[in-house]
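Structural description and commentary
Letter by letter, the chains look like this.
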Amino acid sequence: MMGGTLLIGAAVLSGLAATVLLFANYLRREERYLDAVTPLIGTTAGLLSLALAYLTYQFVTTDYANAYVWNNTANYISLFYRITGVYAGNQGSILLWAALTAVVAFWAVAVRGLERRETRLVQGITMGVVTYFAAMLVLDSPFKPISSEFPEMDPGFVPIDGTGLNPLLIDPYMAIHPPIMFIAYALLTMPFAIAVTHFISTVRGEDGLFEEWIGSVTRWLRIAWLFLTAAITLGSLWSYRVLGWGGIWAWDPVEVAVLIPWLFLTATLHAVMNYRSRSTYATLAPAMTGATLALIVYATAIVRSGVFRSVHSFADGGIGAALLVLLAITSILGIGLPLGYWLLREPETASETAADTSQSQQWVSRVNLKHLAVLSIGLLGFVSVWGLTFPVLNASVTGVEVEVGGQYYNLWSYPIVLGVLLVLGFYMDYDVEGRRRALISLGIFSLLTVLAALIAPSETWTLSNVDGSDALLYRLVGNASALSILPPAAYVCLTVIKRTLEFVPGNPNRNFQLKQVGITMIHVAFALLVVTVTFSYLFTAQSSLVVADADREATIEGSAVHEVPDSNYAVQVSDYRSYQRPEEPNVENMALSSEQIVSRGQEIHETRQPVYGTATQINTGPNATVIQLDNSGIWIGAMNASQTELGISEGDQVVGVGTVMWDFLPNMPQSDGVVVTEAANVGPVSNPPTALDQTRVEGTAVGLTVYQNGEQIARGNAGQEQYRQQGGMEVRDVLVDRGLTHDTYVIAAVDDGTVSLTVKQIPLMTVMRLSVGALLLGMLLVIVFDPAHGLARLWPQVTRQQTTAETTSD
Amino acid sequence: MSPRKVFTITIFIAAIGIGYYSMNAAPVLSDDSHTYHGDTEWRTDIDDAQQLAAEQEKPLLIYFWTTWCTYCEDYNANAYSDPAVLEQLDEFVLLAVNLEDNSQQAGALQQQYSANYPPQHVAVTPDGEVLVEINGYAETDAFQGYLDEALEEWERQ
């Protein structure tokens, strides 16, 4: 058990050594022991990965001598979800984060080397972060022995079964969501380190390294964006499938927390694209790059510290304080340092080139438009940051709790998103059509947006249910029609596609073409996503139905088809069943064999244990019946019971639950220990006593056939599962039929033969899924084929393209 | 001043405006002893509510909710601002339990009535005996039906 903590401890030492050497070599401008650094970083990455692998191994083999394993898995959980248990809690997920960051650091040092002085500082900062995480894990280890949970037990005590995994996490989407998210977080450590180094070196009067490293920064940020987007998507799909109530997005604090870095990263990407060393974004682009990690730590602290409780807070307490310290450090380095530099040291007037100056003095210019876009996306991020922050501020200052729900986020974000779309459309148009015509079309589409906001065919079309008591602005936006999203979205799609058709076909550079296609896909997908998310939420129709005798109907061939009122759906109950897990409880998983009792010996003296074996001898006395197991020294002793009462004869497989007593019958030399119990707790293995009942999950489900307009569209199960050993927590199993135009979503509450069904029709989900696909694929194209910073450039043997000086990047 | 500076300052002012305005416009959710939903006022102290129900010989309506629950917003918008519903609710002592409340008492109540998802309503007698359960969101008509049912059940006892 100590092995795991030792691995992490060793990782702290090697990480610390690497960090110290790197900092010393940077500060003293020397190369002392520099050769040792790469192996040290490799060792740290190796040790942390090994610790992670070891923890995974303990989960797979259900080694309950580890308290963390015991807390996050159980015997009945399948192999796949045993692995996901590794990052179900704080310590495991920090270990995953640390290991991934160390691997990223090792990759960077292996590719880039340490010849440059600044590289040492960049690596030093990254390794500092890794070492900090590792040190957190030494203090609060995922390898704590089980005795920390059961201090009253003997040191060798190991439980037979674990407590289980949060049932909400037993889902394929949730299994891959955390690793992908942590990959994104780990990747973002590099740009953070680069940005901080940039400012440190600038403040020290040396050249910053942003100009030279812009390609590297761009690649790290883009790849991180790709993973972060994928992670959010997977999280949304999970919430859609598992929670049954919230849909894909419910502005839960944790959802907001992950949106914040995403929005900010999106803004940062646009700022970095616009970075010019001597003028535009000379300070802001690196500053935003540095701030992203601080926001991630902020988001993580929110999820993990327990400040906000939500369905999502799977683990709280413990590691919160350490994260708050990390938040302080990353904020000082990533936000404070750039801010200080900007306020105190930045040259008064940046020496802009003549062309730049004349461009930036014009109100409508590419540079200024991008600036507006960066600011607007930033403002969108602010809405989310503020929504999370001010209720806490307010409650701690005044003691009055205020409500910040979906309405706050929706109503503030909506006009900003409209603005972002209009600016985006205008930018794309301006690029092709020039200023005059673009201004005219912007005017037309803005007017259309305002007009569309006034047309609400029915109440469903208005954005929110606001009433007279709400604040004026909320009423204004809340009463606007969702139609207003269509003109800006159409504007974006039209202008983006037009621009692509204008620039791409004639261009000789294949990579440039592919990148532009990627850019187009991302922006069109974003516009579609905004429309579909808005519409799918507003136009979700739902109706309910109660089937009273579902259990009886299920047995009838061709049973009644029930029309669902106020909808074009009908359902038929074709199956009704209750089940439990584990389905066929195996006594060996729940009870100790006589051999195991012997080998555990004194450590389980006077503890209550289940035991099983073959009855080899049965002695009935006046006060008890004792049963010898497997010809061993272990006996089951049933007090005040006769053999007939127990119904067991020699040769039977028998199981009993009782208190293990060593040397209980001193005058019976063939007895080492007796499991002392009552008749009710002893029985044959084929019919184990109720004391051994280890049912973990009780489920009720109905098989449903769903019809729409008389046609069968889906068959499947819906119902709920109750997790007995997790406070009776209940999880719904929903039936989702994914259709081209809409999803049909059936939630069932099954109880005592009655089924209450809620049938929801959620429109445009397929468009939404395709949009997300296009978003990810588009970014992949950009990452690979960008002529300036793409990965394809790094593989000259694959595609040898001349780098064209770009006049029209995004 | 360069256009970019103007944009930046404008956005900053917008952010401060959003911050200030939203903080003041945010509906008060709870103060020392009540939580507000639509036009209704619910007690938050479990003991007080139970005691009051016993004193006034009224049934208790327990509302399990959370801040992020969209159906709870629907309740606020539809049911809890409907005068007819408000009139019916007068027959009950109202008690709202935030499912995110991690106090022992709230936990016990959640477990007692197996309330795992918001929104859920349970009408109970002062002794805690269940009159009617409403799991999930009910349209206002159905919601009123449930409340009537609870009151009838209460009369019968």
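Residues numbered from 1 in each chain as written. Chains lettered and ligands numbered in written order. Predicted model: local features only at pLDDT ≥ 70, side-chain atom pairs only at ≥ 80, totals over all residues. Heavy atoms only, no water.

Further remarks concern the overall build of chain A. Per the secondary structure count, chain A includes 23 helices and 17 strands. For chain A, the spread of C-alpha atoms along the principal axes amounts to about 110 × 80 × 60 Å. Of all 810 residues assigned to chain A, the portion counted as buried reaches 58%. Sequence separation of 24 or more characterises 71% of the internal contacts of chain A that already satisfy a separation of 6 or more. Of the roughly 33100 Å² of accessible surface on chain A, a fraction of 59% belongs to carbon and sulfur atoms. (Helix = DSSP H or I, 4+ residues; strand = E, 2+ residues; numbered from the N terminus. Buried < 20%, exposed > 50% of the residue type's maximum accessible area, 1.4 Å probe, protein only. Contact = heavy atoms within 4.5 Å. Areas by Shrake-Rupley, 256 points an atom, 1.4 Å probe, with all protein chains shown as cover.)

For chain B, the helix and strand inventory stands at six helices and seven strands. For a compact globule of 157 residues, the expected C-alpha radius of gyration is about 15 Å, and chain B comes in at 20 Å, more than 25% above that figure. If you line up chain B on its principal axes, its C-alpha atoms span 75 × 35 × 25 Å. Taking all 157 residues of chain B together, the buried fraction comes to 49%. Within chain B, residue pairs in contact and separated by at least 24 positions form 65% of the contacts whose partners lie at least 6 positions apart. Accessible surface computed for chain B: about 7500 Å², of which carbon and sulfur atoms make up 47%. (Rg over C-alpha atoms; globule rule 2.2 N^0.38 Å.)

Contacts between the two partners involve 35 residues from chain B, matched on the other side by 52 residues from chain A. For the pair chain B and chain A, the summed buried area comes to about 4200 Å², and 62% of that belongs to carbon and sulfur atoms. Viewed at the interface, chain A and chain B are joined by zero salt bridges. Summed over the shared surface of chain B and chain A, the number is seven residue pairs in polar contact (both at pLDDT 80 or more). Every element with two or more residues in the side of chain B that touches chain A is listed here: helix H1 (3-25), strand S1 (28-30) and helix H3 (70-79) of chain B. Broken down by element, the side of chain B that touches chain A gets its largest block of residues, 14 residues, from H1(B). Residue classes in the side of chain B that touches chain A are distributed as 20 nonpolar, 12 polar and three charged. By the bridge criterion, two bridges tie strand S1 (residues 401-402) of chain A to S1(B) in an arrangement that is antiparallel. (Buried area = accessible area lost by both parts, 1.4 Å probe. Salt bridge = Lys/Arg side-chain N within 4 Å of Asp/Glu carboxyl O. Polar contact = N/O pair within 3.5 Å; in protein donor to acceptor, adjacent residues only side chain to side chain. Nonpolar A, V, L, I, M, F, W, Y, C, P; charged D, E, K, R; others polar. Pairing = 2+ DSSP bridges.)

Glancing now at the packing of aromatic side chains. All names here are of chain A. Counted according to the given criterion, the structure contains 35 aromatic pairs over all chains. Measuring from centroid to centroid gives 4.4 Å for Phe445 and Tyr491, while their planes differ by 20°, and the two rings are stacked. With Phe445 in helix H15 (residues 435-454) and Tyr491 in helix H17 (residues 486-503), this pair connects stretches of sequence that are 46 residues apart. Through a chain of ring-to-ring contacts, the aromatic side chains of Trp249, Trp251, Phe382, Trp386, Phe390, Tyr408 and Tyr409 assemble into a single cluster. The residue whose ring lies beneath Arg117 is Tyr26, and the NZ or CZ to ring-centre distance is 4.4 Å. Sitting over the ring of Tyr745, Lys760 keeps its end group 5.6 Å from the ring centre. (Phe/Tyr/Trp six-rings, centres within 6.5 Å; stacked < 30°, edge-to-face > 60°. Lys NZ or Arg CZ within 6 Å of the ring centre and 35° of its normal.)

Residues and elements named next belong to chain A. Taking strand neighbours across the sheet as the criterion, the four strands line up as S2-S17-S16-S15 in an open arrangement whose pairing is antiparallel. Two strands close off the open sheet at either side, each with one partner strand: strand S2 (541-547) and strand S15 (735-738). The sheet shows a mean angle of 15° between the axes of neighbouring strands, direction not considered. Relative to strand S16 (residues 742-751), S15 is paired through four bridges, and the arrangement is antiparallel. Bridged to Arg738 within S16 is Asp743. (Axes fitted to C-alpha atoms, helices over the stretch in contact; angles between N-to-C directions.)

On to the pairing of strand S4 (residues 569-581) of chain A. Residues and elements named next belong to chain A. As defined by bridge partners, strand S3 (residues 561-563) adjoins S4 across three bridges and the pair is classed as antiparallel. By the bridge assignment for S4, Glu563 is matched with Ala570. Count of turn residues in the S3/S4 antiparallel hairpin: five residues, of which Asp566 carries a positive phi of about 55°. Of the pairings in the sheet, the one linking S4 to strand S12 (residues 697-708) comprises 12 bridges and is antiparallel in character. Bridging across to S12, Ala570 finds its partner in Tyr707.

Moving on: the nonpolar core. In terms of nonpolar packing, the biggest core is built from 210 residues, with A:Leu48, A:Tyr408 and A:Ile627 touching the most fellow members. Broken down by element, the residue count for this core peaks at 17 residues, all from helix H14 (residues 406-433) of chain A. Discounting chain neighbours no more than four positions away, the residues touching A:Ile627 are A:Ala615, A:Gln617, A:Ile618, A:Ile634, A:Trp635, A:Ile636, A:Leu646, A:Ile648, A:Val654 and A:Val682. Residues B:Cys69, B:Tyr71, B:Ala96 and B:Ala123 belong to the second largest nonpolar core, which totals 27 residues. (Core = buried A, V, L, I, M, F, W, Y, C linked by side-chain atoms within 4.5 Å.)

To continue, consider H17(A). Residue and element names in this part refer to chain A. In this model H17 runs 26 Å from its N-terminal to its C-terminal C-alpha over 18 residues, within 8% of the 26 Å that 1.5 Å per residue would give. Among the residues of H17, Pro487, Pro488, Ala489, Tyr491, Val492, Cys493, Thr495, Val496, Arg499 and Thr500 are the ones counted as buried. Those residues of H17 that are buried lie in contact with H14, H15 and helix H18 (510-538). (Expected span 1.5 Å × (residues − 1).)

Residue and element names in this part refer to chain A. Read from one edge of the open sheet, five strands run S3-S4-S12-S13-S14, paired in antiparallel fashion. Bordering the open sheet on either side are S3 and strand S14 (729-733), each of which pairs with just one other strand. For this sheet, the mean inter-axis angle between neighbouring strands, taken without regard to orientation, is 25°.

Once that is clear, we can look at a nonpolar patch on the surface. All names here are of chain A. There is a patch of nonpolar side chains on the surface, built from Ile440, Ile444, Leu447, Leu448, Leu451, Leu454 and Ile455 and spanning about 690 Å² of accessible area. Within the secondary structure layout, Leu447 lies in helix H15. Since its relative accessible area comes to 54%, Leu447 is described here as exposed. (Patch = residues over 30% accessible without salt bridge, like charges linked within 9 Å, V, L, I, M, F, W, Y side chains within 5 Å.)

Pairing between side chains becomes possible if they bear opposite charge and their charged atoms approach one another. All names here are of chain A. Applying the stated criterion to the full structure yields 23 salt bridges over all chains. The partner of Arg29 in a salt bridge is Glu206, with the nearest N and O atoms 3.0 Å apart. With Arg29 in the loop between helix H1 (2-27) and helix H2 (37-60) and Glu206 in the loop between helix H7 (172-203) and helix H8 (210-243), this residue pair connects regions lying 177 residues apart in the sequence. For Glu31, the salt bridge goes to Arg120, with nearest N and O atoms at 3.0 Å. Of this pair, Glu31 sits in the loop between H1 and H2 while Arg120 is found in helix H6 (residues 117-139), placing the two residues 89 residues apart along the sequence. Overlapping salt bridges bring together Arg29, Arg117, Arg204 and Glu206 as one network.

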